[in-house]
Amino acid sequence: MSETIMNVDYRDLCVDDIPLLSNRETLYTFDPRSILDECLGKHRYIVSCENLLSNILQNQHVAVNQYAIKHTDPGRNKLLTAEISGDPRISMYTRLKKVDIPETIKHLFISVPHPEADRLAMEKGWSTNYSYADFLDFNNKIAQKERLGDLTPTWTIIDPKTYMFDETENCYFKREIGAGGYATFHASDLTGMKLPSRKYPARWYKETAMEGEPRSVQVFRHGPKEYTVFGYSEMKILFRKNYAGGLMRKTANLTDFLHEKIALALERLDPIFRGYTGFMGLDFIESGKKLMILEANIRVTMATFATLQLNSSSRPELEFYRFQ
């Protein structure tokens with residue numbers, strides 16, 4: 001039996017091109033809590049994420065909070081309201097247990113996996129698109145680094161409890177599992193960096209800082225060795241680490257050089273993702289004819305739906321700002 005050939009397509013996908021986003025027996029959700037270390041103080045961000053899908057999808061069952069009605073056409077989708085309380089740490093999935101959900105729902109679409117999403121689906125007898133256990137495996141940054149080889153900046157595993165930190169060193173300290181600025185620190189500012197403990201074990205690595213422009217591509221994985229790159233963005237990074245949005249562009253802006261490097265990176269990373277089907281983002285530093293992959297985020301990212309919206313319009317680009 002011949003080995004499956006890697007296929008990376010470059011095409012401006014829209015929501016209507018993705019069957020995963022148009023199943024009438026699915027309840028669609030977006031809750032980013034599992035990738036935020038500290039939810040208190042991120043209330044505005046969480047509120048906005050929970051309602052994001054209500055303006056992206058059409059004629060679907062979408063879970064929202066009570067603030068969705070201010071910014072959403074109530075006739076666009078069938079909205080199921082899981083009211084958010086004064087404590088933003090309570091997940092949407094915990095709150096959905098109190099919501100009357102139609103018996104026609106058989107599946108749960110999870111934009112960002114959460115252990116409570118798994119529990120809710122199990123209690124309801126629903127299937128899901130993505131488990132939390134797989135999410136932890138696929139987003140392990142050290143495993144990704146090992147696969148990427150010379151396509152990623154120089155790195156080494158460290159022990160934060162014994163490492164001799166030097167604020168003049170031009171490098172980043174990153175956690176094995178975590179999201180962007182919440183698990184990334186430049187040597188010049190380690191404010192908020194939590195040392196691993198028995199209760200919160202974690203592996204960290206040091207990564208050489210690279211000169212160049214932060215970029216990302218938005219990708220849909222159809223299955224092993226089958227990908228569509230559907231967007232390209234110039235990322236806005238604050239304080240050397242925090243993602244604040246970006247300038248979204250269509251795939252025509254990707255050069256042949258970028259095609260080659262992105263395809264090579266996806267080929268190296270592909271075995272990690274096993275049978276996963278869904279969205280992902282690939283972050284990299286671009287400098288002339290040099291490209292260094294930083295990480296792959298195997299989930300819906302904040303650029304995913306902004307890019308799908310852009311692709312359904314005649315606009316050449318779209319500027320997107322994320323709540324801080």
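Reading guide: rules and limits
- Residues numbered from 1 in each chain as written.
- Predicted model: local features only at pLDDT ≥ 70, side-chain atom pairs only at ≥ 80, totals over all residues.
- Heavy atoms only, no water.
- Core = buried A, V, L, I, M, F, W, Y, C linked by side-chain atoms within 4.5 Å.
- Buried < 20%, exposed > 50% of the residue type's maximum accessible area, 1.4 Å probe, protein only.
- Helix = DSSP H or I, 4+ residues; strand = E, 2+ residues; numbered from the N terminus.
- Contact = heavy atoms within 4.5 Å.
- Arc of directions from axis to C-beta.
- Polar contact = N/O pair within 3.5 Å; in protein donor to acceptor, adjacent residues only side chain to side chain.
- Salt bridge = Lys/Arg side-chain N within 4 Å of Asp/Glu carboxyl O.

Undergrad: Would you mind going over the nonpolar core in detail, with residue names and values included?
TA: Residues Leu-21 and Phe-273 are the most contacted members of the largest nonpolar core, which totals 64 residues. If one sorts the elements of this core by residue count, helix 6 (residues 256-269) sits on top with six residues. Contact partners of Leu-21, with chain neighbours within four places excluded, come to Val-15, Tyr-28, Leu-57, Gln-60, Phe-109, Phe-279, Phe-305 and Leu-308. Counting residues in each nonpolar core, the second largest holds 16 residues, with Leu-80, Val-99, Ala-117 and Trp-126 among its members.

Undergrad: Which residues make up the side chain of Lys-174, and what values do they have?
TA: Its location among the elements puts Lys-174 in strand 8 (residues 171-175). Beyond its immediate sequence surroundings of up to four residues, Lys-174 is in contact with Ala-183, Thr-184, Arg-203, Trp-204, Tyr-205, Glu-207 and Leu-294.

Undergrad: For helix 5 (residues 141-148), give the residues involved together with the corresponding values.
TA: Along helix 5, the residues that are buried comprise Lys-141, Ile-142, Gln-144, Lys-145 and Leu-148. Here the buried residues of helix 5 occupy an arc of 155 degrees about the axis, which is enough to place them on one side. Looking at the packing, one finds that the buried side of helix 5 touches helix 4 (132-138), strand 7 (155-158), strand 8, strand 10 (204-208), helix 6 and strand 15 (290-297). Looking at where helix 5 begins, the residue whose side-chain oxygen comes 3.1 Å from the main-chain nitrogen of Ile-142 is Asn-140. Two residues or fewer after helix 5 comes Gly-149, characterised by a positive phi angle close to 60 degrees.

Undergrad: Run through the pattern of salt bridges, naming residues and quoting values.
TA: A complete count under the given rule lists 17 salt bridges for this structure. Across the pair Asp-87 and Arg-89 runs a salt bridge, and its minimum N-O distance is 3.0 Å. Residue class for Asp-87 comes out partly exposed when judged on its relative accessible area of 24%. Across the pair Lys-145 and Glu-207 runs a salt bridge, and its minimum N-O distance is 2.3 Å. Of this pair, Lys-145 sits in helix 5 while Glu-207 sits in strand 10, and the two are 62 residues apart along the sequence. Residues participating in the shared-partner salt-bridge network are Asp-31, Arg-33, Glu-50 and Arg-95.

Undergrad: Please set out the environment of Tyr-93 residue by residue, giving values where relevant.
TA: Counting through the fold element by element, Tyr-93 comes out in helix 2 (residues 92-95). In this structure, Tyr-93 is in contact with Thr-29, Asp-31, Leu-108, Ile-110, Val-112, His-114, Glu-116, Ala-117 and Leu-120, ignoring residues within four places of it in sequence.

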